[in-house]
Amino acid sequence: MHREDSPMSIRQSQYWNGVRSDATSAFKTWSWFSRSLFLGILLAVLVAGGASAHSYKLGQISIGHVWSPPPLGGVVSIPVYGAILNQGTEKAHLIGAETSVAETVRFRVDAGGTELWPTRITLSPGKPLGLAAWREHIWISGLRKPLKPGDTFDLTLDFGENGKVNTMVIVEEEAGH
Ligand SMILES: [Cu+2]
(Lines give C-alpha, C1' and ligand atoms only; values in the text may rest on other atoms or scores of the structure.)
Protein backbone atom coordinates (compact mmCIF):
# COMPACT_ATOMS: atom_id res chain seq x y z
CA MET A 1 0.00 0.00 0.00
CA HIS A 2 1.10 3.56 -0.64
CA ARG A 3 4.07 2.36 -2.66
CA GLU A 4 3.72 5.29 -5.04
CA ASP A 5 4.29 7.51 -2.05
CA SER A 6 7.66 6.19 -1.01
CA PRO A 7 10.81 8.16 -1.79
CA MET A 8 12.74 5.99 0.67
CA SER A 9 12.44 2.97 -1.58
CA ILE A 10 13.56 5.04 -4.56
CA ARG A 11 16.47 6.36 -2.58
CA GLN A 12 17.50 2.94 -1.37
CA SER A 13 17.32 1.34 -4.79
CA GLN A 14 19.50 4.10 -6.21
CA TYR A 15 21.97 3.59 -3.44
CA TRP A 16 22.08 -0.14 -3.97
CA ASN A 17 22.66 0.11 -7.72
CA GLY A 18 26.32 0.74 -6.91
CA VAL A 19 26.81 -2.14 -4.49
CA ARG A 20 24.43 -4.78 -5.73
CA SER A 21 27.16 -7.44 -6.05
CA ASP A 22 26.85 -8.62 -2.47
CA ALA A 23 23.81 -6.68 -1.49
CA THR A 24 22.67 -8.88 1.36
CA SER A 25 25.89 -8.94 3.36
CA ALA A 26 26.66 -5.34 2.43
CA PHE A 27 23.29 -4.29 3.70
CA LYS A 28 23.85 -5.99 7.01
CA THR A 29 27.29 -4.41 7.36
CA TRP A 30 26.10 -0.98 6.33
CA SER A 31 23.10 -1.33 8.51
CA TRP A 32 25.17 -2.29 11.54
CA PHE A 33 27.64 0.49 10.92
CA SER A 34 24.90 2.99 10.35
CA ARG A 35 23.12 1.94 13.50
CA SER A 36 26.30 2.18 15.57
CA LEU A 37 27.09 5.58 14.15
CA PHE A 38 23.56 6.72 14.71
CA LEU A 39 23.51 5.51 18.30
CA GLY A 40 26.79 7.34 18.93
CA ILE A 41 25.40 10.58 17.57
CA LEU A 42 22.17 10.06 19.43
CA LEU A 43 23.87 9.55 22.76
CA ALA A 44 26.28 12.43 22.16
CA VAL A 45 23.38 14.76 21.39
CA LEU A 46 21.26 13.67 24.30
CA VAL A 47 24.04 13.48 26.87
CA ALA A 48 25.30 16.91 25.81
CA GLY A 49 21.82 18.20 26.53
CA GLY A 50 21.82 21.97 26.59
CA ALA A 51 25.23 22.10 24.90
CA SER A 52 23.55 21.57 21.54
CA ALA A 53 21.51 24.45 20.16
CA HIS A 54 19.41 22.01 18.20
CA SER A 55 17.85 19.94 20.95
CA TYR A 56 14.62 20.26 22.85
CA LYS A 57 13.28 19.38 26.24
CA LEU A 58 9.73 18.67 27.33
CA GLY A 59 9.71 17.72 31.00
CA GLN A 60 11.58 14.42 31.18
CA ILE A 61 11.61 14.00 27.40
CA SER A 62 14.64 15.12 25.38
CA ILE A 63 14.66 15.45 21.61
CA GLY A 64 17.91 15.80 19.68
CA HIS A 65 18.80 16.83 16.14
CA VAL A 66 15.65 16.50 14.09
CA TRP A 67 16.39 16.29 10.35
CA SER A 68 15.06 15.24 6.97
CA PRO A 69 16.84 14.13 3.83
CA PRO A 70 15.94 16.46 0.95
CA PRO A 71 13.11 15.16 -1.24
CA LEU A 72 14.02 13.92 -4.69
CA GLY A 73 12.72 15.97 -7.60
CA GLY A 74 8.95 16.10 -7.65
CA VAL A 75 8.53 13.99 -4.53
CA VAL A 76 6.21 15.53 -1.96
CA SER A 77 6.83 13.14 0.93
CA ILE A 78 9.84 12.99 3.25
CA PRO A 79 10.78 11.18 6.42
CA VAL A 80 11.88 12.96 9.58
CA TYR A 81 14.58 11.39 11.73
CA GLY A 82 15.89 12.27 15.16
CA ALA A 83 16.58 11.05 18.66
CA ILE A 84 14.22 10.96 21.61
CA LEU A 85 15.01 10.02 25.19
CA ASN A 86 12.44 9.54 27.92
CA GLN A 87 14.19 10.14 31.26
CA GLY A 88 11.02 9.73 33.26
CA THR A 89 9.97 6.62 35.14
CA GLU A 90 6.79 6.01 33.13
CA LYS A 91 6.32 5.14 29.48
CA ALA A 92 5.62 8.12 27.25
CA HIS A 93 3.99 8.21 23.83
CA LEU A 94 4.48 10.33 20.77
CA ILE A 95 0.90 10.46 19.56
CA GLY A 96 1.03 12.98 16.74
CA ALA A 97 2.94 15.68 14.91
CA GLU A 98 2.13 18.60 12.67
CA THR A 99 3.90 21.07 10.42
CA SER A 100 2.93 24.14 8.47
CA VAL A 101 4.74 22.93 5.33
CA ALA A 102 2.63 19.89 4.55
CA GLU A 103 -0.85 18.43 4.54
CA THR A 104 -0.22 15.30 6.54
CA VAL A 105 2.17 14.01 9.19
CA ARG A 106 2.08 10.36 10.16
CA PHE A 107 4.27 7.72 11.76
CA ARG A 108 5.71 5.15 9.41
CA VAL A 109 7.56 1.86 9.58
CA ASP A 110 8.96 0.10 6.54
CA ALA A 111 8.68 -3.52 7.65
CA GLY A 112 10.67 -5.33 4.98
CA GLY A 113 8.95 -3.57 2.09
CA THR A 114 5.54 -3.32 3.74
CA GLU A 115 4.65 0.11 5.00
CA LEU A 116 2.90 0.30 8.35
CA TRP A 117 1.36 3.42 9.85
CA PRO A 118 1.41 3.20 13.65
CA THR A 119 -0.83 5.63 15.51
CA ARG A 120 1.77 6.29 18.19
CA ILE A 121 5.39 5.65 19.11
CA THR A 122 6.11 4.39 22.61
CA LEU A 123 9.10 5.66 24.57
CA SER A 124 10.29 3.32 27.29
CA PRO A 125 11.91 4.98 30.30
CA GLY A 126 15.66 5.41 29.96
CA LYS A 127 15.92 3.95 26.47
CA PRO A 128 17.04 6.28 23.67
CA LEU A 129 14.81 5.91 20.65
CA GLY A 130 16.02 6.84 17.20
CA LEU A 131 13.48 7.80 14.59
CA ALA A 132 15.31 6.19 11.68
CA ALA A 133 14.84 4.66 8.24
CA TRP A 134 14.99 1.09 9.58
CA ARG A 135 12.44 1.59 12.34
CA GLU A 136 9.70 4.04 13.26
CA HIS A 137 10.02 7.53 11.85
CA ILE A 138 7.85 10.50 11.06
CA TRP A 139 6.43 10.73 7.55
CA ILE A 140 5.44 14.05 6.05
CA SER A 141 3.35 13.99 2.91
CA GLY A 142 1.75 16.62 0.74
CA LEU A 143 4.63 19.10 0.99
CA ARG A 144 3.40 22.56 0.09
CA LYS A 145 6.77 23.82 -1.09
CA PRO A 146 10.03 22.36 -2.38
CA LEU A 147 12.72 21.73 0.22
CA LYS A 148 16.44 21.73 -0.39
CA PRO A 149 19.50 21.10 1.78
CA GLY A 150 19.93 23.93 4.27
CA ASP A 151 16.21 24.65 4.54
CA THR A 152 14.43 24.28 7.85
CA PHE A 153 10.79 23.82 8.76
CA ASP A 154 8.66 23.65 11.88
CA LEU A 155 7.46 20.39 13.38
CA THR A 156 5.36 20.20 16.52
CA LEU A 157 5.59 16.90 18.37
CA ASP A 158 2.59 15.89 20.45
CA PHE A 159 3.39 13.71 23.45
CA GLY A 160 -0.21 13.58 24.63
CA GLU A 161 -0.55 14.08 28.38
CA ASN A 162 3.11 15.17 28.50
CA GLY A 163 2.37 18.09 26.20
CA LYS A 164 3.66 19.39 22.89
CA VAL A 165 7.06 20.70 21.83
CA ASN A 166 7.96 22.81 18.81
CA THR A 167 11.05 21.68 16.92
CA MET A 168 12.88 22.85 13.83
CA VAL A 169 13.71 20.23 11.24
CA ILE A 170 16.90 20.70 9.23
CA VAL A 171 16.93 19.48 5.63
CA GLU A 172 20.28 17.82 4.98
CA GLU A 173 21.78 14.85 3.14
CA GLU A 174 23.24 13.22 6.27
CA ALA A 175 22.55 13.74 9.96
CA GLY A 176 24.65 16.68 11.10
CA HIS A 177 25.66 17.54 14.65
CU1 LIG B 1 20.98 19.45 15.22
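Rules of the game
Residues numbered from 1 in each chain as written. Predicted model: local features only at pLDDT ≥ 70, side-chain atom pairs only at ≥ 80, totals over all residues. Helix = DSSP H or I, 4+ residues; strand = E, 2+ residues; numbered from the N terminus. Buried ≥ 20, exposed ≤ 12 C-beta atoms within 10 Å, placed from the backbone. Core = buried A, V, L, I, M, F, W, Y, C linked by C-beta atoms within 7 Å. Contact = placed C-beta atoms within 7 Å. Pairing = 2+ DSSP bridges.

K.L.:
Account for the overall build of the chain, with residues named and values stated.
P.N.:
Across its full length, the chain carries 2 helices and 12 strands. Listed by position from the N terminus, the elements making up the chain come as α-α-β-β-β-β-β-β-β-β-β-β-β-β. When the 177 residues of the chain are sorted by exposure, 26% land in the buried category.

K.L.:
So what's going on with unusual backbone geometry? Which residues, and what values?
P.N.:
Phi at His65 takes a positive value of approximately 30 degrees, unusual for a residue other than glycine. Its location among the elements puts His65 in strand β2 (residues 61–68). Judged by the 23 C-beta atoms lying within 10 Å of it, His65 is buried.

K.L.:
Lay out the nonpolar core in plain terms, naming residues and giving numbers.
P.N.:
Counting residues in hydrophobic clusters, the biggest one holds 28 residues, and the most contacted among them are Val80, Ile84, Ile138, Ile140 and Leu155. Elements that contribute at least two residues to this core include exactly β2, β3 (77–86), β4 (92–94), β6 (102–111), β8 (121–123), β10 (137–143) and β11 (152–158). Take this core: its biggest share by element is 6 residues, from β3. Contact partners of Ile140, with chain neighbours within four places excluded, come to Ser77, Ile78, Val80, Thr99, Ala102 and Val105.

K.L.:
Describe the pairing of β3, with residues and values.
P.N.:
Summarising burial for β3: 10 of the 10 residues are buried, a large majority. Residues Ser77, Pro79, Tyr81, Ala83 and Leu85 of β3 are buried on one face, and the alternating residues Ile78, Val80, Gly82, Ile84 and Asn86, pointing to the opposite face, are buried as well. Where β2 and β3 come together, 5 bridges link them in antiparallel fashion. Bridged to Ile61 within β3 is Asn86. Pairing analysis gives 4 bridges linking β3 to β10, with the strands arranged antiparallel. Within the sheet, the bridge partner assigned to Val80 lies in β10 and is Ile138. Bridge count for β3 against strand β9 (residues 129–131) is 3 bridges, and the pairing is antiparallel. Its bridge partner lying in β9, Ile84 is registered against Leu129.

K.L.:
Please provide a residue-by-residue account of the pairing of strand β1 (residues 55–58), values included.
P.N.:
Pairing of β1 with β2, which is carried by 4 bridges, proceeds in the antiparallel orientation. Within the sheet, the bridge partner assigned to Ser55 lies in β2 and is Gly64. Where β1 folds back onto β2 in an antiparallel hairpin, the turn is made up of 2 residues, including Gly59, whose phi is positive at roughly 60 degrees.

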